[in-house]
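Remarks on the overall topology
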Amino acid sequence: MMGYLLVLGLCVCLSGTRAVDRGNFKTCDQSAFCKRQRALKPGQSPYRALLETMELTNTRLTLQLINDNNKVRLLLELYRLQGNMTRVKINELKPLKPRFEVPDVLIQEPPTEPMSLLSQDENGVVLSLGTESQRVIVSAHPFRLDIMEGREVLMSLNSRGLLAFEHLRIRKDTQADPEAEKKEEGDPANPPAEDGANAEEEKVEDGMWEETFKSHTDAKPNGPSSISLDFSLPGVEHVYGIPEHADSLQLKTTDGGDPYRLYNLDVFQYELFNPMSLYGAIPVMLAHNTQRTSAIFWLNAAETWVDISSNTAGKTVFGQMLDYVQGSSETPQTDVRWISESGIIDVFIMLGPTPSDVFSQYASLTGTQSFPPLSGLAYHQCRWNYNDQEDVRAVDQGFDNHDIPYDFIWLDIEHADGKRYFTWDPHKFPQPKEMLQGLQDKKRKMVAIVDPHIKVDSNYKIHNEIRSREFYIKNKDGGDYEGWCWPGNSGYPDFTNPEMRNWWASMFAYDQYEGSMENLYTWNDMNEPSVFNGPEVTMHKDAMHGAWEHRDVHNLYGLYVHMATAEGLIQRSGGEERPFVLTRAFFAGSQRYGAVWTGDNAAEWDHLKISIPMCLSLGLVGVSLCGADVGGFFKAPSSELLVRWYQTGAYQPFFRAHAHLDTPRREPWLFGPENTALIREAVRERYALLPYWYQLFYHAHRSGEPVMRALWIDYPQDTATFSMDDQFLLGRDLLVHPVTDEGSRGVTAYLPGKGEVWFDVHTFQKHNGEQNLYIPVTISSIPVFQRGGSIIPRKVRVRRSSSCMENDPYTLYVALSPQRTAQGELYIDDGHTFNFEKKEFIHRRLSFANNKLSSSNLAPDALFSTPSWVERILILGASKPSKVILKTADGKERQLEFDFDASMSVLSLRKPGMNAGEDWVVMLQ
């Protein structure tokens, strides 16, 4: 009973908090390795390259580096990879024991391409990277690596001398065993000093072998093992990425403050605009200027800090004007330093040169966004918690009563029997299959939470199985690691173990997960992992995953939980059905398994605003299926904030309302009929656009390009877009500027593109590109614009769920441009299976040129049929024709009825009626 009281007390404290308790989480000064590494200042590097050790094969360069202070040798490996990428690995030459190298994140061993030696002397070597103009220069003393194109330096490594590699060693200050001392004398990581010189004695500092934070002591049996490397980016002022942080899209300099931290943590009601860790960590940073986009992927799963400095940051407006007037010769430069607690240096340098190139390069390494079922892109209704089956039924009926579509209703932790996952509360949810069947009958679905902390209870099958199979993470003394979480005393399965992941996946089978059906999907929360009574509300770093400490694998844990759960949903269907799994914690590669969300936000206007750059940052590093809790998780939104959040969320990839247990109920119809109507309209806009959303995610799955994207991706030379994060593009063709200020009467949207035209999707008014456009708004306004030269399919007959709309007709929105042929696509498959991989889909090219609108087959080898037809075509920016002729695939022609609005130049073609999967041409005469 005391256990439940303790957890209850923790929950009350946590749910009642007004903001994050910063004291629960470390600063760099409180993290011993970060403090040690940051104490190193730029200057002459102690490392030099031993050129006589160089070996060059067709695919790899190896070279030893030596630290002249302690004579420890490192091994540098350099690879040229296919697709304009370079890989640099640095490890100890002869470590006392193996150092951790991240598995399972790369989708394959990256294919290499030949390198050739261009020149060599006593100062260094020059290697060709395939083309005459692109090469890498390895300087020997001090060690430095420069990647060049022509005479331009694209990126430099260790140019500031901040390479630091803490080698594994035997502890000296407590060593009393003479045999161990003899062993140490022969330690290959500490060879005798060269030329008789004495190696500098390394002092023992606080936190190297043991570290205490608050009441938690971290034993470090392997001692200090941190690594650091600096990168210089000449000509770069704008860097992005390294999510997850509640911060602006463009990363800030960290001089005078903490670095950005990457360490997956359960942060309750996080603060905005600071570099603190949040739930996920993707160690990828993009750099962009008008000439090039490039990226750095730091493949390390340990706690990581990232420092950013710039020679242009902090200049006053007067100083910048002075530079302009006087013609400053200083080239802008951004310097980035990565610091990780353990592991090796394994870094991928992606050289673009375009944003699209970087996305495909990163996708070739870690994979693309999973292709979600169509229903996953629709609207999701959630709260902590829907009380019981009757509550679920009443909420479901409420949507029908108020004519608001939705696809998924969600259950949080209270649905399970005493928070024993894979079970149902026998009193609140006594007949889960009956409940699920009721949803199925309406073509709706459910998500239930399955968290990775397991109640320690000998009457609980899941716990007994994990314990008997030795699948729990161990503590440093060899027993099962236990900590406090929602069920009370909990064990934590070791998801780094593939046997454990396979067993976990098997638990989703219909005969194992009692009460589950094919329309039940899954949500993984608390998978950082969250440990209420652990250091920083997470797991002790000296816990053990087989041979590896938790410190080595921490940021991978959530990825592995997500991976095993998604695999379970696939397996239960015999490999037929695409899964839908939401995760809170994530790492590089998590995009392959499903959706993420931005965690425990608050019902505040600034939290609404920050959802935009947070999702844009995730899109840059592969995770397109991102969203924020609509309405805010903590606190109670005003009706205005709730409406604005629905309007924003309807145009973000993952669209889910969610709320804390202690907040007032906020189903869409509880704020009066006027607000219900506004929310209904926002949700209906989402459903009408589902064909476009689905097409965008098909492309994201194929190419790695983000769905919700920053403007600079499509306008890479327009400097006005580089810092913009209050508006965004969906694909190339829709621009959204949500209203995110209380009481707003107008917003100023930037419409990019010299010579472009943009059409307001609600009024069809045409606006020129490359301008700041002031838009008066009312509470019903959602400023959205369609790019001239695009064709977007919609389904305007909105029904109760996306599945109910499967065979409904399409309306095509054709936006004309004086600059280019209008083009678009239509992608159709069954919406939920992997059959699209067997070429069972329709993919059409839509094109308008020379007064002809045509549909042609982009995938002639694919086979799929649809009863859907085209019931309406709207052509924006059109001239009035004398007649309109439709020519179908069978060669037949007929005249179409049309309306023309001369005031808005909109041509409307009524009921053309051709099948959406066939060839046809509409001719305006």
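Because the structure is predicted, anything quoted here is derived from the model rather than measured.

Here's the deal with the nonpolar core
Grouped together as the largest cluster of nonpolar side chains are 179 residues, with contacts concentrated most on Phe 297, Met 446, Trp 504, Tyr 646 and Leu 730. Look past the residues within four positions of Met 446 in its chain and what remains in contact with it is Val 392, Phe 408, Ile 409, Leu 411, Trp 424, Met 435, Leu 436, Leu 439, Asn 519, Leu 520 and Tyr 521. In terms of nonpolar packing, the next biggest core, distinct from the first, is built from 50 residues, Val 136, Val 138, Trp 338 and Leu 351 among them.

A few points about the confidence of the model for the protein
In this model, the protein carries a mean pLDDT of 93, and residues with pLDDT of at least 70 account for 93%. Segment residues 1–17 is flagged for pLDDT under 50; beyond a separation of four residues in sequence, or across chains, it makes 18 contacts in the model. The low-confidence segment residues 315–326 (pLDDT under 50) makes five contacts with residues lying over four places distant or belonging to another chain.

A short note on the sheet that holds strand β32 (residues 626–627)
Spatially, the eight strands line up as an open sheet ordered β32-β31-β30-β27-β23-β22-β21-β33, and their pairing is parallel. Of all strands in the sheet, those with a lone pairing partner are β32 and β33 (655–657), marking the two edges.

Brief notes about the packing of aromatic side chains
By the definition in use, this model includes 44 aromatic pairs. Seen from their ring centres, Phe 408 and Tyr 521 are 5.6 Å apart, and the 75 degrees between their planes marks the pair as edge-to-face. Pair noted here: Phe 408 is in strand β22 (residues 408–411) and Tyr 521 is in strand β27 (residues 520–524), with a separation of 113 residues, a long-range link. Aromatic pair Phe 764 and Tyr 813: ring centres 6.4 Å apart, planes at 50 degrees, arrangement tilted. Residue Phe 764 is found in the loop between β38 (757–760) and β39 (766–768), and its partner Tyr 813 is found in strand β43 (residues 810–815); the two are separated by 49 residues along the sequence. What makes Tyr 813 buried here is its relative accessible area of 12%. Across from the ring centre of Trp 597, 5.0 Å away, lies the NZ or CZ of Arg 656, which sits over that ring.

Brief notes about the side chain of Arg 644
Note that Arg 644 resides in helix α13 (residues 639–649). Setting aside residues no more than four positions away along its own chain, Arg 644 makes contact with Trp 605, Leu 608, Val 739, Ser 744, Val 777, Thr 778, Ile 779 and Ser 781.

Some points on unusual backbone geometry
Going from Trp 384 to Asn 385, the amide bond is cis rather than trans, its omega being 10 degrees. By the element assignment, Asn 385 lies in the loop between β21 (379–381) and α6 (389–401). Residues Glu 528 and Pro 529 are joined by a peptide bond in cis, for which omega reads 5 degrees. Positive phi is not limited to glycine here, since Asp 104 has a value of about 70 degrees. In this structure, Asp 104 sits in the loop between β4 (85–92) and β5 (116–121). Look at Asn 850: it is not a glycine, yet its phi comes out positive at around 55 degrees. Turning to its location among the elements, Asn 850 is positioned in the loop between β45 (842–849) and β46 (852–857).

Parameters at a glance
- Residues numbered from 1 in each chain as written.
- Predicted model: local features only at pLDDT ≥ 70, side-chain atom pairs only at ≥ 80, totals over all residues.
- Heavy atoms only, no water.
- Core = buried A, V, L, I, M, F, W, Y, C linked by side-chain atoms within 4.5 Å.
- Buried < 20%, exposed > 50% of the residue type's maximum accessible area, 1.4 Å probe, protein only.
- Contact = heavy atoms within 4.5 Å.
- pLDDT = per-residue confidence, 0-100.
- Pairing = 2+ DSSP bridges.
- Helix = DSSP H or I, 4+ residues; strand = E, 2+ residues; numbered from the N terminus.
- Phe/Tyr/Trp six-rings, centres within 6.5 Å; stacked < 30°, edge-to-face > 60°.
- Lys NZ or Arg CZ within 6 Å of the ring centre and 35° of its normal.

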